[in-house]
Amino acid sequence: MLAIEAKGLSKRFGRGDRFALRDLNLGVEEGEAFGLLGPNGAGKTTALHLLLDFIHPTEGSALLFGQPASDARTRARVGYLPQSLSLHTYYRGADLLQFYGALLEIPPALRKERAAMLLQRLGLDDVARRRVSTYSKGTLQRLGFAQALLNDPDLLILDEPTSSLDPLARHQFSEIVRELKARGKTVLVSSHLLSEVETLCDRVAILKDGALARIGSLGDLLATPRVRLHVGRLPPGLLEELMTLGAEVSMAGAQTTVSCADETVRTRVAAALESRGVGIERTESECRSLEDLFMETVAA
Amino acid sequence: MRFVLLIALDTMRSLRRHRVLLAFLILSLAGMALVVTGISNAMQELERKEHVHANYASAGAATRTDDPTSDIKAREIIVTFNGLFAGAMSLAGSLLALVMFCTVVSSELHTGTIRVTLAKPVPRWAYLVGRWLGATAVLAAYCVLAGAASAVLGMRYHVQGMGLLASAPWLSFCGSLVLGAVGLIYSLFVRAPVAGVLAWFTSATWFSWLPPLYAVLPSYQPFDVWQAMMLGTSLGPWHLVVATLYTLDLVVILLLIAWVRFRRMEITEPD
């Protein structure tokens, strides 16, 4: 079953022609960790706000667990951490979690237990009795993360979750998200930190100017047609021949690496090597980083 | 209903920590205390004169040495102070209502705290009604406080027109509730300070020269105890019933308008 489904989701603010989000078609399976990437103004937060019914689509629809995003009851299964987090500063940290727990209709005993566990897990024990107004940005973000996890959500929506966290807290955050994933929970992360998305997510979508530019599993998106063939020493004249076929050749001692840009070049190179009696020791597919893919997509 | 109560309690908690509101509450109570002191002084003056008259009478004096009209003047002063007390209570209630109802939703919209709340399974109607109810409870607490002050005042000084003064807190509450509901609607369109000013002028009194508007806009005439006191008009129980029904009617309509706006309202990034 799909945890998130966007069908032709579009959003235009005001009466202008510019769409903040245009015809987004997206499905996130239950138990999947999905990354939403894109430069500033690409429409990531708009998409998340549409999923949470904060704003209403100009066209299309958004479904959470098969229910319309406007169905408030479905949100009992959702945890959300906003980008610019603002919490009620007049509460103490522990009391704020109790308040949100009550809104999530968690029974009081379970609410207390979960709040205590999360406060301890996120290193908020010492500040739990302090007013939220006295919290630093990082501490506030950790409390925000705690409130998002309070209902043990089936779907966790995180908008730039680690932007104000220190490396230690960032590590804790990644660990918790991995645990949730292992327990079959769905995670939707919008982030600028590509390395974070690369390590946490199964699939990613890249938005550009409000439209979906790329979508797929990390394996598929990062794989390239480029192949590296590792061979031994080349006989005289073969180096020039391989280069005329379009391959890039690098030599280190007795080892030679022949890099082929695509399948056609690879076939020709393999034939040339075979005709000169040179055996291929190892074949390696070249992968690009998520950063390369992102830059390539955004710059295109 | 559970969500409404939770949001209402949260609202009361937030208003309790509203610095402007607290300062305003203290100032208005101080103002009322000042008026009570004025009434007290006038009453003492009156008692002193009555005591002097009694002494003259027991001494068999044929003539009074002071001005006979001064008794009437002292009584007029007391009536004026009573009127001022009721007026101050009503004005303070109105301003309090404007500050509270105009900020009760808009402050959350502008800080962004609303997004965390509405990401929970809270229906929008429950959020709106809860915020309104919380502000109403704080307003009611203020009116109870002001009512207690007026009761003490009435009993301590045997105030004339006590019936009128007793109805002042309730009528002030009703009038402020209507004004607050108007402010709440405006605050869903414009910034809180602008909403407050607009709400203040959205009254049949201000537009009495424009018949269609005059017929539609709320009238605060039924809640005007101050004028009744100054003119010596009596406000019977029937008046209170009609004013209460008028309030209920208006508040329900105004809340429905607020709901129509709020249910389709877009909650975007905070400022």
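Residues numbered from 1 in each chain as written. Chains lettered and ligands numbered in written order. Predicted model: local features only at pLDDT ≥ 70, side-chain atom pairs only at ≥ 80, totals over all residues.

## Looking at the environment of A6 of chain A
All names here are of chain A.
Phase 1 of the analysis: Its location among the elements puts A6 in strand β1 (residues 2-12).
Phase 2 of the analysis: Using a count of 25 C-beta atoms within 10 Å as the deciding quantity, one classes A6 as buried.
Phase 3 of the analysis: Separated by 17 residues in sequence, A6 and D23 have C-alpha atoms that sit 8.9 Å apart.
Phase 4 of the analysis: Setting aside anything within four residues of it in sequence, one finds A6 in contact with L24, N25, L26, G60 and A62. (Helix = DSSP H or I, 4+ residues; strand = E, 2+ residues; numbered from the N terminus. Buried ≥ 20, exposed ≤ 12 C-beta atoms within 10 Å, placed from the backbone. Contact = placed C-beta atoms within 7 Å.)

## Observations regarding the sheet that holds strand β14 (residues 280-287) of chain A
All names here are of chain A.
Phase 1 of the analysis: Taken in spatial order, the four strands line up as β12-β13-β11-β14 in an open sheet, and their pairing is antiparallel. Two strands lie at the open edges of the sheet, namely β12 (248-252) and β14, each paired on one side alone. Ignoring strand direction, the axes of neighbouring strands in this sheet form an average angle of 20 degrees.
Phase 2 of the analysis: With five bridges connecting them, β12 and strand β13 (residues 255-260) associate as antiparallel partners. Within β13, the position partnered with E248 by the bridge is S259. (Pairing = 2+ DSSP bridges. Axes fitted to C-alpha atoms, helices over the stretch in contact; angles between N-to-C directions.)

## What to know about the domain arrangement of chain A
Phase 1 of the analysis: Split into domains, chain A comes out as domain 1 (2-209) and domain 2 (224-287).
Phase 2 of the analysis: Between domain 1 of chain A and domain 2 of chain A, the C-alpha centre-to-centre distance is 48 Å. (Domains from an automatic or database assignment.)

## Examining the pairing of strand β4 (residues 59-64) of chain A
The two faces of the sheet receive side chains in turn, since in a regular strand these alternate between them.
Residue and element names in this part refer to chain A.
Phase 1 of the analysis: Direction of pairing for β1 relative to β4: antiparallel, over a ladder of five bridges. Along β4, the bridge assignment pairs K7 with S61.
Phase 2 of the analysis: In terms of strand pairing, β4 meets strand β5 (residues 67-68) through two bridges, oriented antiparallel. Residue pairing in the sheet places L63 in a bridge with P68 of β5.
Phase 3 of the analysis: Taking the residues that link successive antiparallel strands as the turn, the β4-β5 hairpin has two residues, and the phi of F65 there is positive, at about 50 degrees.

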